[in-house]
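Residue-level structure breakdown
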Amino acid sequence: ADKSDLPRALMIGDSISVGYFSDVEKQLAGKAYAARLSTSRCVGDPVLLAEVALVLGGASFDVIHINNGLHGVGPVSEKEYAEFLPQFIEHIRRLAPRAKLVWASSTPWRVKGTSDKFDPKNENVLARNRVAAALMAAQGIPINDLYSLGAEHPEYFADAVHYNAAGKAAQGAL
């Protein structure tokens, strides 16, 4: 995203967003340029703030799509997530005050080797999605509901958390 004759969109996320990035890029072709910050850092990790600052310090974006919730399940409690998420959003707003933010709900976590059962960690995902939904509603940030898509379509899963080609295309179309 080194050109500025079209709007510029940044996707901040983990391996899930890496999976659907090329589909989003195709959807935006001729309408906007797409860039991504792919990271395994989670909300609450100060290195994530540094990575975001590095990217936003060198480029401006009209839209920033954020998908960060699966990483950190376990090491970061839901209480800590609720504390750190507003700080993370404020950090992005401070660095990119004119960008429209879009939050992506975290995708389901299924039992490895199955597509029809949820892993117990999915309860953590649901709790984080509730925290994020409340904050985004309070701040007027729209939500791209990737959770419902994955919950309603178990056939889209390639493993416990990642998507097959059909799932990535469906995510990219949202």
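Residues numbered from 1 in each chain as written. Predicted model: local features only at pLDDT ≥ 70, side-chain atom pairs only at ≥ 80, totals over all residues. Heavy atoms only, no water.

1. Here's the deal with the overall build of the chain
Helix and strand content of the chain: six helices and five strands. Taken over C-alpha atoms, the radius of gyration comes to 16 Å for the chain, in line with the 16 Å a tight globule of 174 residues would show. Taking the principal axes of its C-alpha atoms as reference, the chain extends roughly 45 × 35 × 25 Å. Here the chain holds 174 residues, and 45% of them are scored as buried. Long-range contacts, defined as pairs at least 24 residues apart, comprise 74% of the intrachain contacts of the chain with a sequence gap of at least 6. Counting only carbon and sulfur atoms, one obtains 55% of the accessible surface of the chain, whose full area is about 8500 Å². A distance of 2 Å separates the average location of the 18 positive side-chain charges in the chain from that of its 19 negative side-chain charges. (Helix = DSSP H or I, 4+ residues; strand = E, 2+ residues; numbered from the N terminus. Rg over C-alpha atoms; globule rule 2.2 N^0.38 Å. Buried < 20%, exposed > 50% of the residue type's maximum accessible area, 1.4 Å probe, protein only. Contact = heavy atoms within 4.5 Å. Areas by Shrake-Rupley, 256 points an atom, 1.4 Å probe, with all protein chains shown as cover. Lys, Arg positive; Asp, Glu negative; His and termini not counted. Charge placed at Lys NZ, Arg CZ, Asp CG, Glu CD.)

2. Comments concerning the confidence of the model for the chain
Segments scoring low in pLDDT should not have their predicted coordinates read at a detailed level. Mean pLDDT over the chain works out to 92, with 98% of the residues at or above the 70 mark. For the chain, the element scoring lowest by mean pLDDT is helix α1 (residues 15-28), at 92; strand β4 (residues 100-104) scores highest, at 97. (pLDDT = per-residue confidence, 0-100.)

3. Here's the deal with the packing of aromatic side chains
Under the criterion given, the structure shown has one aromatic pair. Between the aromatic rings of F157 and Y163, the centroid separation amounts to 4.5 Å while the plane-to-plane angle is 35 degrees, which identifies the pairing as tilted. Seen from the ring of F61, R8 lies directly overhead, with NZ or CZ sitting 4.9 Å from the centre. Over the ring of F21 we find R36, and its NZ or CZ is 5.1 Å from the ring centre. (Phe/Tyr/Trp six-rings, centres within 6.5 Å; stacked < 30°, edge-to-face > 60°. Lys NZ or Arg CZ within 6 Å of the ring centre and 35° of its normal.)

4. Considerations on helix α4 (residues 122-139)
Three or four residues apart is the spacing at which side chains of an α-helix point the same way, because the helix has 3.6 residues per turn. A rise of 1.5 Å per residue sets the reference length of α4, with its 18 residues, at 26 Å; its end C-alpha atoms lie 25 Å apart and thus fit the reference within 8%. For α4, the full list of buried residues reads N122, V125, A127, R128, N129, A132, L135 and M136. Elements that come into contact with the buried residues of α4 comprise α3 (78-95), β4, β5 (143-144) and α5 (146-152). Downstream of α4 by a residue or two, G140 has a phi angle that is positive, lying close to 70 degrees. (Expected span 1.5 Å × (residues − 1).)

5. Focus on the pairing of strand β1 (residues 8-13)
Of all the six residues making up β1, six are buried; the element is thus mostly covered by neighbouring parts of the structure. Neither face of β1 is exposed, since R8, L10 and I12 on one face and A9, M11 and G13 on the opposite face are all buried. Sheet analysis places β1 next to strand β2 (residues 33-38), joined by six bridges and oriented parallel. Across the sheet, the residue bridging to M11 is R36, located in β2. In this view, the connection linking β1 to its parallel neighbour β2 by way of α1 has right-handed handedness. Where β1 and strand β3 (residues 63-67) come together, five bridges link them in parallel fashion. Paired with A9 across the strands is V63, a residue of β3. (Pairing = 2+ DSSP bridges. Right-handed = clockwise from strand over helix to strand, strands pointing away.)

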